[in-house]
Amino acid sequence: MEPGRGATTAMGYLCNVDIGGTHTDVAVIDEEGTITGAKVQSTPGDFARGFLDSLDAIASELGIGTTELLESSDLVSHGTTVGTNAVIEGEESETALVTTRGTEDTLFLMRGAPGRTSGLPIERVLRYQHAEKPEPIVPRQRVYGINERIDSMGDVVVEFNEEQARDVARTLHDAGVESVAVSFLWSFLEPDHEERMISILESELDDDVFLTRSNRLVPKWGEYERTTAVAINAAIGPVTSRYINDIDEELSDRGYEGELLVMLIGGGVAPAADAIREPVRTIDSGPAAGMIGCSYLADHLGHEDIIAADMGGTSFDVGLLTDGEPLTNATNVINKYDYAIRNIDIDSIGNGGGSIAWYDQDTDRLEVGPQSAGADPGPACYDQGGSEPTITDADLLLGFFNPGEFLGGRMTLDRGLAEAAIGDLADTLGMSVTETASGIVEIANAQMADLVGQRTINRGYDPRNFVLYAYGGAGPLHMAAVADQLDIETVVVPGGSASSVWSALGISSSDVLHRNEVSNIRTVAPFDPGSVTRRFEDVESDVVDKLRDNGFTEDEIRIERYADLRYGAQVHQIPVPMPGGTLGRDDVDDMIVRFERKYEELYGKGAGASESGFELVAVRVDGYGRTTKPQLEQSGADGEGSPDGTEDVFWPRESRRIETDIYYDADVGPGTSIAGPAVVRMENTTIAIPPNDTCEIDSYSNFNISIGGN
């Protein structure tokens, strides 16, 4: 089934799988809008097995077979970490880079000193003496320079040396490389040399060698970031394409007749064939899916400014939505490499349920993360061989979990192993086990609050003006405490139990996305409306053609235009939304006005530099093909709700055990009011409502926690 078909009315299941570092989440939405979620442990050695395990688990939840589930599915969508893991763990393919002679060291210079610390949290940036550059994406001996040169005006100044190019291609054939990246200087202005290089490689190399060219993947300036993007795409291309092909074939064998859609870091999904061709766009796509889900829900709830907080098993991810839309970046970072792929702007720290607590001898302090126990062996209480104390172990000892009910009873936690792991750390610190567990949680919460503060206060936003959406397996347990530290008044746990698989659910909220972005060279104000219009139309036609090829009709296609502007002689640019159709003088004048207004919002009133002039750095078109969406059906009130009982729970902020109301799924529903302290234990997550806080469950089953009971 083509992704555009059935875009208005759901006729079957929407099935979405998101693989994380610790758990693989699956969310299925039926034709009534009912959401069913499940979590299974990820399988890092064979991610496809975890994908299929999740389908088996959710089919069991629905009381049907996996084949019946897939035969009845309109769409199957997937967020994958295969490419991410390949880069981080150094398991890239045997890759070569062909570039302009004289620029062979671009990847290794990494723009100098920032290459040692790019993407690191501030505490690690400050320890510069311990910083080092990452392992090269492509070894220096497999980087080849070709005699050719295009200048910054798109003119040929050195002719393409075809004989040399063919010698390089034959050398690569003899070396048995799996993939080749081609990135020539200024090829996005004049692609002829790069296209000729690709043609020679296709004629000399085996058909299964993965080829990537910069003029198609990233047709924009920024020599280092463009080359890095192409090199990463080539390096992860073979492993990612094999994985997606295997999943696609397995789905077909099990009865799925539609097209597999894959989540992108830019905020949309793409057909499997497109994801195979450009796998770099799938890196870190899981957190992006969660942001899209937040945007979709915020549209229903009328929220405009949102902090999206995703605490899973391995990491804590934070992004902002302003006016209901996620903020984006022109570049992304992985393993200290900056690469030119536009992405939803998300910051992460190693602060998930599996994050390891440890004693730092240098500072004589208790630390938490960034190291994680991951899925294998996992926290000590998982009884899978892990012996180091984690946040999950601490939460268990404080009383938030029932050991026999974890993951809906599919896993039994071992309290004794958790106590032994934290006990060793407690002995080192000279503290009790409970004090140490409480300290672990307090430090973790403070680290997450600090990241939220960096994302907001340091960028000119007041967190008190935002609603915090808490999701991921551990988010609903910890985010009320984080919000309290930042004076945020409201925490929303989206969908209640659905919050634990929110990123998987967010995939189903995503449209098919095709993005085309082209740099402009020396385009300065005053801007010619006709010239700007022609640039947009050229880019837009390519996007629309791709969506039509995917099977979308005109009424299923939505186009968004953006102009990236900056002040003269500055480095960073700001995207400004632009109207469709033919632009007039008023449109380009208003473009500058809106740019300056946005600049002052970000950097403070009076920060503008209009006297330096304005540059139109790039034009961008985002094209969306509308897919079937989950229906957030409203439900009638289910009454007051009563707790199942009470237990003594140690609340770290209160530094004491308090008799706490314990609720389960069956005890609560739309219309229920809960006064803290309370713990709501659901199949795949636990929601904490601290003392003095209150919670109301709305008609969408969202838990709305009022911090301080306001």
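To be clear, the structure that these remarks concern was listed above.
Residues numbered from 1 in each chain as written. Predicted model: local features only at pLDDT ≥ 70, side-chain atom pairs only at ≥ 80, totals over all residues. Heavy atoms only, no water.

What about the overall build of the protein chain?
1) Next: Tallying secondary structure elements over the protein chain gives 18 helices and 35 strands in all.
2) Next: Against the globule reference of 27 Å for 710 residues, the protein chain gives a C-alpha radius of gyration of 26 Å, in line with a compact fold.
3) Next: Projecting the C-alpha coordinates of the protein chain onto the three principal axes gives extents of approximately 80 × 55 × 55 Å.
4) Next: Looking at the 710 residues of the protein chain, the share that counts as buried comes to 58%.
5) Next: Residue pairs at least 24 apart in sequence account for 68% of intrachain contacts in the protein chain once pairs closer than 6 positions are excluded.
6) Next: As displayed, the protein chain offers around 27,800 Å² of accessible surface, 44% of which is attributable to carbon and sulfur atoms.
7) Next: Charged side chains of the protein chain number 52 positive and 122 negative; the gap between the two group centres comes to 8 Å. (Helix = DSSP H or I, 4+ residues; strand = E, 2+ residues; numbered from the N terminus. Rg over C-alpha atoms; globule rule 2.2 N^0.38 Å. Buried < 20%, exposed > 50% of the residue type's maximum accessible area, 1.4 Å probe, protein only. Contact = heavy atoms within 4.5 Å. Areas by Shrake-Rupley, 256 points an atom, 1.4 Å probe, with all protein chains shown as cover. Lys, Arg positive; Asp, Glu negative; His and termini not counted. Charge placed at Lys NZ, Arg CZ, Asp CG, Glu CD.)

A look at helix α6 (residues 162–175)
1) Next: The end-to-end C-alpha distance of α6 is 20 Å, a good match for the 20 Å that 14 residues give at a rise of 1.5 Å each.
2) Next: Along α6, the residues classified as buried are Gln164, Ala165, Val168, Ala169 and Leu172. Relative to the axis of α6, the buried residues are bounded by an arc of 140° and lie together on one face. Facing away from the buried surface of α6 by more than 90 degrees, the exposed residues are Glu163 and Asp174. (Expected span 1.5 Å × (residues − 1). Arc of directions from axis to C-beta.)

Structural notes on the pairing of strand β3 (residues 35–41)
1) Next: Among the 7 residues that make up β3, 5 are buried, leaving the element largely enclosed by the rest of the structure.
2) Next: Looking at chain direction, strand β2 (residues 23–29) and β3 are connected through 7 bridges and run antiparallel. Counterpart to Thr24 in the pairing with β3 is Val40. (Pairing = 2+ DSSP bridges.)

Some points on the nonpolar core
1) Next: Within the largest apolar cluster, 113 residues are counted, with the highest numbers of intra-cluster contacts made by Phe51, Ile232, Tyr243, Leu251, Tyr469 and Leu565.
2) Next: Sort the elements by how many residues they give to this core and helix α9 (residues 223–253) lands first, with 12 residues.
3) Next: Once residues within four sequence positions are removed from consideration, Leu565 is found in contact with Phe527, Gln573, Ile574, Val576, Met591, Ile592, Phe595, Glu615 and Leu616.
4) Next: Phe406, Tyr663, Val668 and Ile697 belong to the second largest nonpolar core, which has 70 residues in total. (Core = buried A, V, L, I, M, F, W, Y, C linked by side-chain atoms within 4.5 Å.)

Considerations on the sheet that holds strand β29 (residues 645–651)
In a beta sheet, neighbouring strands pair by backbone hydrogen bonds and run either parallel or antiparallel.
1) Next: Across the sheet, 4 strands lie side by side as β29-β30-β32-β33; this open sheet has mixed pairing. Looking at strand neighbours, the two that pair on one side only are β29 and β33 (686–689), the edges of this open sheet. Across the sheet, the mean angle separating the axes of adjacent strands is 30° when strand polarity is ignored.
2) Next: Bridging between β29 and strand β30 (residues 656–664) involves 7 bridges; their strand directions are antiparallel. (Axes fitted to C-alpha atoms, helices over the stretch in contact; angles between N-to-C directions.)

A word on the sheet that holds strand β9 (residues 179–183)
1) Next: An order of β6-β5-β9-β10 is seen for the 4 strands of this open sheet, with the pairing classed as parallel. Each end of this open sheet is capped by a strand with a single partner; those strands are β6 (143–146) and β10 (210–213). Taken over all neighbouring pairs, the strand axes of this sheet differ in orientation by 20° on average, direction set aside.
2) Next: Examined bridge by bridge, β9 and β10 share 4 bridges and lie parallel to one another. Of the residues in β10, the one forming a bridge with Ser179 is Phe210.
3) Next: Lying over the sheet, α6 contacts β5 (95–100), β6 and β9, oriented at roughly 165° with respect to β6.
4) Next: Packed on one face of the sheet, α9 meets β5, β9 and β10 and runs near 165° to β9.

What about the pattern of salt bridges?
1) Next: Per the counting criterion, the structure on display carries 39 salt bridges.
2) Next: In this structure, Arg548 and Glu554 form a salt bridge, with 2.7 Å as the shortest nitrogen-oxygen distance. (Salt bridge = Lys/Arg side-chain N within 4 Å of Asp/Glu carboxyl O.)

Things to note about unusual backbone geometry
1) Next: A cis amide bond links Gly369 to the next residue, Pro370, at an omega of 0°.
2) Next: Structurally, the position occupied by Pro370 is in strand β22 (residues 365–372).
3) Next: The omega angle of the peptide bond from Gly676 to Pro677 is 5°, so this bond is cis rather than trans.
4) Next: Tracing the backbone through its elements, the reader meets Pro677 in the loop between β31 (673–675) and β32 (678–681).
5) Next: If you check the backbone angles, Trp186 has positive phi at about 60° while not being a glycine.
6) Next: Note that Trp186 resides in the loop between β9 and α7 (192–204).
7) Next: Even without a glycine there, the phi angle at Asp284 is positive, about 60°.
8) Next: With respect to the helices and strands, Asp284 occurs in the loop between α10 (272–277) and α11 (285–301).
9) Next: Accessibility expressed as a relative area gives 27% for Asp284, which makes it partly exposed.

Quick look at the state of the cysteines
1) Next: Inspection of every chain in the model, using the stated rule, returns 0 disulfides.
2) Next: Just so you know, Cys294 is unpaired, no disulfide at all, and the nearest cysteine sulfur is the one on Cys695, 17 Å from it.
3) Next: We classify Cys294 as buried; its relative accessible area is 0%. (Disulfide = S-S within 2.5 Å.)

What to know about the packing of aromatic side chains
1) Next: Taken as a whole and assessed by the stated rule, the structure comprises 12 aromatic pairs.
2) Next: Relative to Phe184, the ring of Phe160 lies with its centre 6.4 Å away and its plane at 50°, an arrangement referred to as tilted. Of this pair, Phe160 sits in the loop between β8 (156–158) and α6 while Phe184 sits in the loop between β9 and α7, placing them 24 residues apart in sequence.
3) Next: Take Phe160: its relative accessible area is 6%, and that puts it in the buried class.
4) Next: Here Phe184 falls in the buried class, since its relative accessible area comes to 1%. (Phe/Tyr/Trp six-rings, centres within 6.5 Å; stacked < 30°, edge-to-face > 60°.)

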